[in-house]
Amino acid sequence: MESAVFRVCRTSFVGAALAFVLLANGVQGVDAQPSWPDTVRLLEQSTFGPTAPLIAYVQQVGFEAFLQEQLAAPTTDYPDLPFWPQNRPLTCTGDCARDNYTNDALQRHLFRNALYGQDQLRQRVAFALSQILVVSRVDIPLPSWMRGYQQLLYRSALGNYRQLLYDVTLHPTMGRFLDMLNNRCQTRTPPEPTVCRNGVRAQPNENYARELLQLFSIGTFALNADGTRRLDGGGGPIPTYDQRTVEAFARVFTGWILAPALPGPSEIGGTVPNYRDPMRARQDSRMREDYHDAGPKTLLDGFELRGGQSQTEELNAAIDNIAGHPNVAPFISKQLIQHLVTSNPTPAYVARIAAVFAAGRNSPTQLYEVARAIVLDPEARGDFKDPASEPQYSKLREPVQFITNILRAFNATSDGVLNSVSVGGSAIGSADMSQDLFNAPSVFSFYPPTARVPGETALGPQFAIFSSLTSLRRANFVNRVIFSTIPAAAPNRPTGTSIDLAAWDSLADDPDRLIEALNGLLLHGAMSNEMRDAIRAVVEGIPAANARARVRNAIYLIATSSQYHVQR
Amino acid sequence: MTLTRRDVLARSFGAFGAAVLAFERFGLLNALAQSAGDYRALVCIFLAGGNDSGNVVIPYDDYSTYASARQASGLAIPQASLLRITVPSMGAEFGLHPSLTGLQTLWGQGRVAVVCNVGPLVEPTNRDAYRNRTVRIPTNLFSHSDQVNQWQTSVAEGTSSTGWGGRTADRTAACNATSFPPVTSMAGTPIFTIGSVERPLAIAAAPTRLDGALRLDGFPNPPDNDARYVALQNLLLVDQDKTLVRGASRVTGEAVAMERALRAAGDPAVPPFPLNPRTSLGNQLEQIAKLISLRNELGMCRQIFFASLGGFDTHNGQVVGGNPAAGTHAGLLAQVSNAMRTFYDATVALGVASQVVTFTLSDFARTLVPNGNLGTDHAWGSHHFVMGGSVLGGDFYGVPGPNGTVFPTLAPNGPDDTDEGGNARGRFIPTTATDQYGATLAAWLGVAGADLPAVFPNIGRFGPTTLGFLG
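Note that the structure is a prediction, hence the values are computed from the model and not measured.

Right, let's get into the overall build of chain A. Along the backbone of chain A there are 23 helices and twelve strands. Whereas a compact globule of 568 residues would reach a radius of gyration of roughly 24 Å, chain A reaches 25 Å, a difference of no more than 12%. When its C-alpha atoms are laid out on the principal axes, chain A stretches across 90 × 65 × 45 Å.

A separate point is the packing of helix α7 (residues 104-116) of chain A against helix α18 (residues 399-409) of chain A. All names here are of chain A. Closest axis-to-axis distance for the α7/α18 pair is 9 Å, and the angle between their directions is 45 degrees. By the angle class used here, α7 and α18 are oblique. For the element pair α7 and α18, the recorded crossing hand is right-handed. On α18, the residues that touch F111, A114 and L115 of α7 are T404, L407 and R408. Of the residues in the contact of α7 with α18, the class split is four nonpolar, one polar and one charged.

Here we come to helix α21 (residues 529-540) of chain A. For α21 of chain A, spanning twelve residues, the distance from its first C-alpha to its last is 16 Å, which sits close to the expected 16 Å at 1.5 Å a residue. Of the residues making up α21 of chain A, those classed as buried are M531, A534, I535, V538 and V539 of chain A. Buried residues along α21 of chain A cover an arc of 135 degrees about the axis, so they all sit on one side. Looking at the buried side of α21 of chain A, the elements it contacts are α20 (511-523), α22 (547-559) and α23 (562-565) of chain A together with α8 (227-235) of chain B.

Moving on, we get to the domain arrangement of chain A. Residue and element names in this part refer to chain A. The domains assigned to chain A are domain 1 (1-72), domain 2 (158-323) and domain 3 (328-376). Between domain 1 and domain 3, the residue contacts involve six residues of the former and seven residues of the latter. By residue class, the composition of the side of domain 1 that touches domain 3 is four nonpolar, two polar and no charged.

So, on to the confidence of the model for chain A. All names here are of chain A. When pLDDT is averaged across chain A, the result is 94; 95% of the residues are at 70 or more. For residues 1-15, every residue scores under 50 in pLDDT, and the model assigns this stretch 23 contacts once sequence neighbours within four places are set aside. Segment residues 17-30: pLDDT under 50, and 18 contacts once partners within four positions in sequence are set aside and those in other chains are kept.

This part covers α7 of chain A. Residue and element names in this part refer to chain A. In a regular helix each residue adds 1.5 Å, so 13 residues correspond to 18 Å; α7 covers 18 Å between its end C-alpha atoms and thus fits that length. Along α7, ten of the 13 residues are buried, which leaves the element largely enclosed by surrounding structure. Burial in α7 covers these residues: D104, L106, Q107, R108, H109, L110, F111, N113, A114 and L115.

A regular strand places its side chains on the two faces of the sheet in alternate fashion. Residue and element names in this part refer to chain A. Within strand β2 (residues 259-263), only zero of the five residues are buried, which leaves the element largely exposed. Two elements, β2 and strand β3 (residues 271-274), share three bridges in a ladder whose sense is antiparallel. Bridge assignment links A259 to a residue of β3, and that residue is N274.

Next up on the list: the environment of D128 of chain B. All names here are of chain B. Tracing the chain through its elements places D128 in helix α5 (residues 127-132). In this structure D128 comes out as exposed when scored by C-beta crowding, with 11 C-beta atoms within 10 Å. With 81 residues separating them in the primary sequence, D128 and R209 have C-alpha atoms 54 Å apart.

All right, on to the sheet that holds strand β4 (residues 92-96) of chain B then. Residue and element names in this part refer to chain B. Read from one edge of the open sheet, three strands run β2-β4-β3, paired in antiparallel fashion. Bordering the open sheet on either side are β2 (57-59) and β3 (83-87), each of which pairs with just one other strand. Mean inter-strand twist for the sheet, computed between neighbouring axes without regard to direction, equals 40 degrees. Of the strand pairs in this sheet, β3 and β4 are connected by five bridges, and their pairing is antiparallel. Bridge assignment links I85 to a residue of β4, and that residue is F94. Across the sheet, helix α4 (residues 101-108) lies against β3 and β4, angled at about 30 degrees from β3, the strand it touches most.

Rules behind the numbers
- Residues numbered from 1 in each chain as written.
- Chains lettered and ligands numbered in written order.
- Predicted model: local features only at pLDDT ≥ 70, side-chain atom pairs only at ≥ 80, totals over all residues.
- Helix = DSSP H or I, 4+ residues; strand = E, 2+ residues; numbered from the N terminus.
- Rg over C-alpha atoms; globule rule 2.2 N^0.38 Å.
- Axes fitted to C-alpha atoms, helices over the stretch in contact; angles between N-to-C directions.
- Parallel < 35°, antiparallel > 145°, perpendicular 65-115°, else oblique.
- Left-handed = near helix turned anticlockwise from the far one by under 90°.
- Contact = placed C-beta atoms within 7 Å.
- Nonpolar A, V, L, I, M, F, W, Y, C, P; charged D, E, K, R; others polar.
- Expected span 1.5 Å × (residues − 1).
- Buried ≥ 20, exposed ≤ 12 C-beta atoms within 10 Å, placed from the backbone.
- Arc of directions from axis to C-beta.
- Domains from an automatic or database assignment.
- pLDDT = per-residue confidence, 0-100.
- Pairing = 2+ DSSP bridges.

Rendered as structure tokens:
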């Protein structure tokens, strides 16, 4: 799993930890090398968590080279799942039911890819995109149907956004989730076969049209290039579209059906619905697109589709109409910043990234350029963010990020069974922390980008799923993996999850050195004196002979702290 | 020393001070001279996704109008399968969806009412005013996220950082004798539950035991002398200059404190719960019933609870083809009815049936005219259930609309529709504002009339202020 380049450049864990201590003690690194704290911060933003070897490696090659390598790194895959019938055959039970009728295999792979895969930037951006361009088990019951869509996000995460919108639109999984699949024109009265040849009495389904506009592309209000709202003469926001626009797009998105059925699994035979290939235009026996509404339509900003074009031509024109809207760049750029770096970017930061997004409109690596700009921006970089001048800068680590960050920091061995985990009666998986992978409650995902920090005006989207219940479950996850293990439990948890603290024991006889090394790895050296004092008191209260207990107590207190929950 | 929760929260390290108080009180409260009778609670059930209330409450006498809009597309519930209810103020028979047997029974006992055609409004709105834009209308109509916020904040234009449940708690919690939070949620921390002062406690639903509904692993019981436990608490008090750290510590601080308090709660039985089989909403209401059973021990006199059930965004396959009384929506409604009925019975058993009012909210209703996928799309005004011993049940409530009744005219392109022309789909303009619906409930819980505008800032635009469905 691990890349050759990382192996070659690997330094020992303690070595890296000590390297930081030396740096912190004033021994300067080689010129032009990024600092340890800034490197840790970059890896918190661009990967599923810093590891000591990766920190050392990135310090050596520099940020730019690291990011370019990330673009070139081979894409991680989800397992190729066989397509089973929608209704589970009675003969498919146990492992068969788990693997073909739950998301277990995909969830395990997402975690293992995040823990061990080398295309970290791609995965991290794909995870952000999966929370913007949402599909959910709520309406996608088979993992084989979910798999292709998530693979599309992996493949496209550093690609072109307009192309991604097009591919998402025609993906059968999205088609099913938001009802563009089998969406059909409305028969006119009197019938007008050139407009709707084989329609239904009802009107086209508005679901995909509305959410594509509201969530996937432009949002509900006209934006300035810096992501702030444009205002009308009366100081009010300006809607980007109205109900008529939604209805027009709903008519564009008619006529798409599943590609021809696939053969069923060898055990079953027969055929199964095709959730592998893009949807195709429905045609009658004379090759006419008989489900499509071929009438004229008025799209965004008065753009006219004259009607009578082919379904594919219309779809391309409609996606161009959306992708060309000036809102897309700030709307998507700001959300990506919020997913990677900070919930509260300045308008100037959003504007700089939106400019990169807009300039890359025709680039096949547009999203790479955007992600690169996000993490290399001056607002993202630096060793330390001064709370006096930037009190709101930061984001709450979301559950998947929290879990993977801790496990990667401590060299974990894991089977990836981390979504839904109950050990000793305690629920400690990401789903238990309100981030149930591939099973968001709705197309609005797990938390809205507009959620605020409790008791504050600052934005904190992830706080929408940070409650008394989930806060303690995060602490219980830390308690379990730091003081014990998630044990193997056949058949669904083949190895469990355990971390490796051996390298830390040797630091334990010197509490300050231990805490400082953990501070470097987990908090990029930003621990306050008050926090250090509280932790030192606990560590010093444990006999030095009990090195592992000292290490565990120190890690527990840092990893459960709000200072660690918040990536700053 | 007697401190109210408000006093505690006013302290600089609010969440933390509250901690100490909560568990001390828990042990002491049996001895407190609290008036056990003075208890009231609101229970909000959010039907997430936009409940098709057009198939929940259906005209029986005037069935043909309904059927003409829905029958051709296969969504009309057959008249013969409707659960008939008499609606005195309408002088007519209506029918409930056939899944709602439990609520029909309670309707017959006068314990359930329906509030009709409620929705977010900026100001009173009729069809002409809507079409001519001579009134302001709610932000981003027909959008899930916006309408959910508007239902939960009762602010239909602009934004609000607090919800009307939380703001109601801000103004009614003073009589609670401990720092146990007045707002408890079984479904996260939606904006409904957030006040200016009060913040919700989110706990696990049944079958999790109540004394494990929050749990913090790895410490002895009691944990107070454990050095790591003490340090964990101390760390919540430092680095308060970082906004998001402060926010996270606020949440965790309350969690740690209340975990400590709930350790003494045991796991009271609240028959006739548990449901067999268990359901999501049943599990949530069961845990709420357990908390209500401990109201005296917890020192509560006013409480607000939140539960939620998803799956109502039925754009597709809302009903079974050829059998519109079955399918996704029918299953969801059966769950709602069974859970609500059982919860009502539990409050009877606990002797608080007249002191607990349960009500529904939802994003919006759905288009009267379906789409082509046996489904419905987003609309606006919707009908809601209110349940409890204090409910003046067995009737409809609301503000009369163009047809002179509280129930809209079920006609696309009719007097209540936003839509025009031959493609009109029946997205009914609410005649009753969420503000009026909420104010009726909040006033019953104890918000004084003069304080209602502080909870419902736009209530003054609507008349009457309250709707009379609570005695």
